[in-house]
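Examining the three-dimensional arrangement
Single-letter residue listing:
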Amino acid sequence: MAAASSSDSDSGRAESNEASSKWLDAHYDPMANIHTFSACLALADLHGDGEYKLVVGDLGPGGQHPCLKVLKGPTVLTESPLPALPAAAATFLMEQHEPRTPALGLASGPCVYVYKNLRPYFKFSLPPLPPNPLEQDLWNQAKEDRIDPLTLKEMLEGIREKAEVPLSVQSLRFLQLELSEMEAFVSQHKSKSIKRQTVITTMTTLKKNLADEDAVSCLVLGTENKELLVLDPEAFTILTKMSLPSVPVFLEVSGQFDVEFRLAAACRNGNIYILRRDSTRPKYCIELSARPVGLVRVHKVLVVGSTQESLHGFTHKGKKLWTVQMPAAILTMNLLEQRSRGLQAVMAGLANGEVRIYHDKALLNIIRTPDAVTSLCFGRYGREDNTLIMTTRGGGLIIKILKRTAVFVEAGGEVGPPPAQAMKLSVPRKTRLYVDQTLREREAGTAMHRAFQTDLYLLRLRAARAYVQALESSLNPVSVTAREPLKLHAVVQGLGPTFKLTLHLQNTSAARPILGLLVCFLYNEVLYALPRAFFKVPLLVPGLSYPLETFVESLSDKGISDIIKVLVLREGQSAPLLSAHINMPVSEGLAAA
């Protein structure tokens, strides 16, 4: 009976959690074998039949065997191998002709593969970069058999360490070979021309001339060569080229290319650069305290996730608006847009298996998954408008559908003021003394303020006089004259009756050494004895701290101490350059005896 009652309570709790959740569990397959990230997910009506499909640029298990997958519902519709690992996937309209079916662009290596109706349509390759002239000269010498493979390897390694222009793929592969394989590689590749090719790191779309949802869009590419390229959607020519100080990894765009647009690029150096139309260089720069792991634009706010487990909100001019700390590391981010309610929010997949949804810095919802989520995509899938698709670290696929009655409320469902605002404070009762003091301050407020100001002016006057006196008598450990810029620091070591006194004297000038200085000690001869109370200082080189050591013998057995004055003087002058007062400790050795 007890077991039956516990099982009934568990099932009832699960039913209540399902009822209170805003999501319907449509599909979960832990063995789907999908390994990707958010940039390689896209939803589109690829055939124009109203059935939206999921496009996945799959990295493959362990980064091996990358492929392009198209899913219809929970099943894989088509699967095509890719020559290199995918970097991003995007769907866009190339032309206004009917039927208006979107094209699929998949960035992989140095190329963008364009598909229409899931068939290869066009392949755009990044323009080659000029090779390193020193590298080209070395391969020309190898072609003419003027250098051997070992010498070629040594010289290529020297170029790789010092040259600003990186080596080509051919030279990098050659440097990885063993000595026995080098000669065959050189004979095979020495007749080939050196080509240096960059790769695509990120990709997104930008509307061409209209802001409509079904308007023609351009592809925006970020490359390993620290450049941004905007491609024409029909001819696939480069419309404009922009330079960045670092390699872009995340892109967000707004506006139209022919009218006005703004482009935000998060780079590997931890900065976000803002570019506008007709600008080849960044206009604004947002400096982050850590490297970015995601970039999402919500209306006019740029939301950035960093490796410090936090979300930050910035304006397009770089002003920080808010910061939210996460309970775990952020693995992926994407935009949640519920068009029926006009809601835009940020989804963040965390390493602890949570997916958190934020509107600005307000938490709207938390989704807990069996495994850490590595990619997120929200939109129309099949014939459902609000579908959330997630892939996990282990290759699983999770599909959830947002309930039509679901309403996201800020602060986890709490509306109105916080509960602490309604709590009454235990304010103590007013005493007779407090009332009398209040009446006195009301009646004599002007006189009390004047007395306070008088005392404040006297305090400032005394402090100024003491400061002037210290400067005139050199009663400070730092010299105030420009001719002898010195700094003095004293350290006393020992328990007694013999103490070690170390003076650290430093010349703080930029380039001028100081010579001809003297050090003098003034002390009570009844209490202390010094073997050297007056000695010369050697040449002081700028910037170095010189330790000057001496010993102090305590003569009193009554457990008392006094001050020893240290004066630094210039030869032939009676006024000291600087001085220090050393409070000697009580001799513990004599006190114990």
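Residues numbered from 1 in each chain as written. Predicted model: local features only at pLDDT ≥ 70, side-chain atom pairs only at ≥ 80, totals over all residues. Heavy atoms only, no water.

1. Here's the deal with the packing of helix 2 (residues 133-143) against helix 3 (residues 149-162)
Two numbers describe how helix 2 lies on helix 3: the axes approach to 10 Å, and their chain directions differ by 175 degrees. Judged on the interaxial angle alone, helix 3 and helix 2 are roughly antiparallel. Across from Leu 134, Glu 135, Leu 138, Trp 139 and Ala 142 in helix 2, the residues of helix 3 making contact are Leu 152, Met 155, Leu 156 and Ile 159. (Axes fitted to C-alpha atoms, helices over the stretch in contact; angles between N-to-C directions. Helix = DSSP H or I, 4+ residues; strand = E, 2+ residues; numbered from the N terminus. Parallel < 35°, antiparallel > 145°, perpendicular 65-115°, else oblique. Contact = heavy atoms within 4.5 Å.)

2. Here we look at the sheet that holds strand 8 (residues 111-116)
Within a beta sheet, neighbouring strands are joined by backbone hydrogen bonds and run either parallel or antiparallel to one another. Strand order in the open sheet made by the four strands is 6-7-8-9, with antiparallel pairing throughout. Of all the strands in the sheet, just strand 6 (86-92) and strand 9 (119-125) have a single pairing partner and so form its edges. Mean inter-strand twist for the sheet, computed between neighbouring axes without regard to direction, equals 20 degrees. Sheet topology places strand 6 next to strand 7 (residues 103-108); six bridges connect them, and they run antiparallel. Bridge pairing in strand 7 places Thr 91 opposite Leu 104. (Pairing = 2+ DSSP bridges.)

3. What about the environment of Arg 393?
If you trace the backbone, Arg 393 turns up in the loop between strand 27 (384-392) and strand 28 (397-402). For the pair Arg 393 and Val 373, spaced 20 residues apart in the sequence, the C-alpha separation amounts to 6.0 Å. Filtering out sequence-adjacent residues up to four positions away, Arg 393 remains in contact with His 35, Leu 331, Ala 351, Asp 371, Ala 372 and Thr 374.

4. Thoughts on the layout of surface pockets
Volume-wise, the second largest pocket comes out at about 500 Å³. For the lining of the second largest pocket, the secondary-structure elements that each account for two or more residues are helix 4 (169-175) and helix 5 (179-189). Per-element accounting of the lining of the second largest pocket gives the leading share, four residues, to helix 4. Among the residues making up the lining of the second largest pocket, the classes are represented as nine nonpolar, six polar and five charged. (1 Å grid on protein atoms, 1.4 Å probe; cavity = no way out; pocket = protein on both sides within 12 Å on 5 of 7 lines; lining within 4 Å. Points joined across faces, edges and corners; volume = space filled by probe spheres on them. Nonpolar A, V, L, I, M, F, W, Y, C, P; charged D, E, K, R; others polar.)

5. Topic: helix 3
With 14 residues, helix 3 ought to run about 20 Å at 1.5 Å a step, and its terminal C-alpha atoms sit 20 Å apart, in line with that. Buried within helix 3 are the following residues: Leu 152, Lys 153, Leu 156 and Ile 159. The buried residues of helix 3 occupy an angular sector of 125 degrees when the element is viewed end-on, so they sit on one face. Across from the buried face of helix 3, at angles greater than 90 degrees, the exposed residues are Glu 154, Glu 161 and Lys 162. (Expected span 1.5 Å × (residues − 1). Buried < 20%, exposed > 50% of the residue type's maximum accessible area, 1.4 Å probe, protein only. Arc of directions from axis to C-beta.)

6. Remarks on the pattern of salt bridges
Applying the stated rule across the entire model yields 16 salt bridges. When the shortest N-O distance is used, the salt bridge between Arg 432 and Asp 436 registers 3.5 Å. Taken together, the positions of Arg 432 and Asp 436, both in helix 6 (residues 432-443) and four residues apart, correspond to about one turn of that helix. Glu 549 is the partner of Lys 500 in a salt bridge, and the nearest nitrogen-oxygen pair spans 3.4 Å. Taken together, the positions of Lys 500 in strand 30 (residues 498-507) and Glu 549 in strand 34 (residues 545-554) put the pair 49 residues apart, joining distant regions of the chain. Bridged by salt links that share partners, the residues Glu 354, Arg 356 and Arg 368 form one connected network. (Salt bridge = Lys/Arg side-chain N within 4 Å of Asp/Glu carboxyl O.)

7. Quick notes on the nonpolar core
Counting residues in each nonpolar core, the largest one holds 27 residues, and the members touching the most others are Val 519 and Phe 521. At the level of secondary structure, the elements contributing two or more residues to this core comprise strand 29 (486-493), strand 30, strand 31 (517-522), strand 33 (534-537), strand 34, strand 35 (563-570) and strand 36 (578-583). At four residues, strand 30 tops the list of elements feeding residues into this core. What Val 519 contacts, discounting residues up to four positions off in sequence, is Leu 503, Ala 533, Phe 534, Phe 535, Val 537, Leu 548, Val 566, Leu 567 and Val 568. (Core = buried A, V, L, I, M, F, W, Y, C linked by side-chain atoms within 4.5 Å.)

8. Some remarks on the pairing of strand 28
Burial of strand 28 is extensive: six of the six residues sit out of reach of the surface. Side chains Leu 397, Ile 399 and Ile 401 of strand 28 all project onto a buried face; the interleaved residues Ile 398, Lys 400 and Leu 402 project onto the opposite face, where all are buried too. With six bridges connecting them, strand 1 (residues 23-29) and strand 28 associate as antiparallel partners. Within strand 28, the position partnered with Trp 23 by the bridge is Leu 402. Across five bridges, strand 27 lies against strand 28 in antiparallel orientation. From the neighbouring strand, Leu 388 faces strand 28, where its bridge partner is Lys 400. The turn joining strand 27 and strand 28, which pair antiparallel and follow one another in sequence, is formed by four residues; a positive phi near 95 degrees is taken by Gly 395.

9. Notes on the packing of aromatic side chains
Where two aromatic rings form a pair, the distance of their centres and the angle of their planes describe that pair. One pass over the structure, following the stated rule, counts five aromatic pairs. Each ring, one from Trp 23 and one from Phe 408, has its centre 6.4 Å from the other, and the planes form 50 degrees; the classification is tilted. Here Trp 23, found in strand 1, pairs with Phe 408, found in the loop between strand 28 and helix 6; they are 385 residues apart in sequence, far enough to count as distant. Phe 408 sits in the buried class, given a relative accessible area of 13%. Ring centres 4.8 Å apart and planes at 15 degrees place the aromatic pair Phe 122 and Phe 236 in the stacked group. (Phe/Tyr/Trp six-rings, centres within 6.5 Å; stacked < 30°, edge-to-face > 60°.)

10. Some details on the confidence of the model for the chain
The pLDDT averaged across the chain works out to 82; a share of 91% of its residues lies at or above 70. The low-confidence segment residues 1-19, where pLDDT is below 50, has five contacts with residues more than four positions distant or belonging to other chains. Between residues 412-416, whose pLDDT stays under 50, and residues either more than four places distant or in other chains, the model counts two contacts. (pLDDT = per-residue confidence, 0-100.)

11. Observations regarding a nonpolar patch on the surface
Together, Leu 515, Leu 539, Val 541 and Leu 544 give the surface a local cluster of nonpolar side chains, amounting to about 350 Å² of exposed area. Note on placement: Val 541 falls in the loop between strand 33 and strand 34. (Patch = residues over 30% accessible without salt bridge, like charges linked within 9 Å, V, L, I, M, F, W, Y side chains within 5 Å. Areas by Shrake-Rupley, 256 points an atom, 1.4 Å probe, with all protein chains shown as cover.)

12. Topic: the sheet that holds strand 22 (residues 330-338)
Strand order in the open sheet formed by four strands is 22-23-24-25, and the pairing between neighbours is antiparallel. Only two strands of the sheet have a single partner each, and these edge strands are strand 22 and strand 25 (362-368). On average, each strand axis in the sheet is tilted by 25 degrees relative to the strand beside it, whichever way the strands run. Both strand 24 (residues 354-359) and strand 25 contribute to a ladder of six bridges, which runs antiparallel.

13. Regarding the packing of helix 3 against helix 5
At a closest axis distance of 9 Å, the pairing of helix 3 and helix 5 adopts a crossing angle of 95 degrees. What the angle tells us is that helix 3 and helix 5 run roughly perpendicular. Contacts between helix 3 and helix 5 involve Pro 149, Leu 150, Leu 152 and Lys 153 from the former and Leu 179, Met 182, Glu 183 and Val 186 from the latter. Here the contact of helix 3 with helix 5 is composed, by residue class, of six nonpolar, no polar and two charged.

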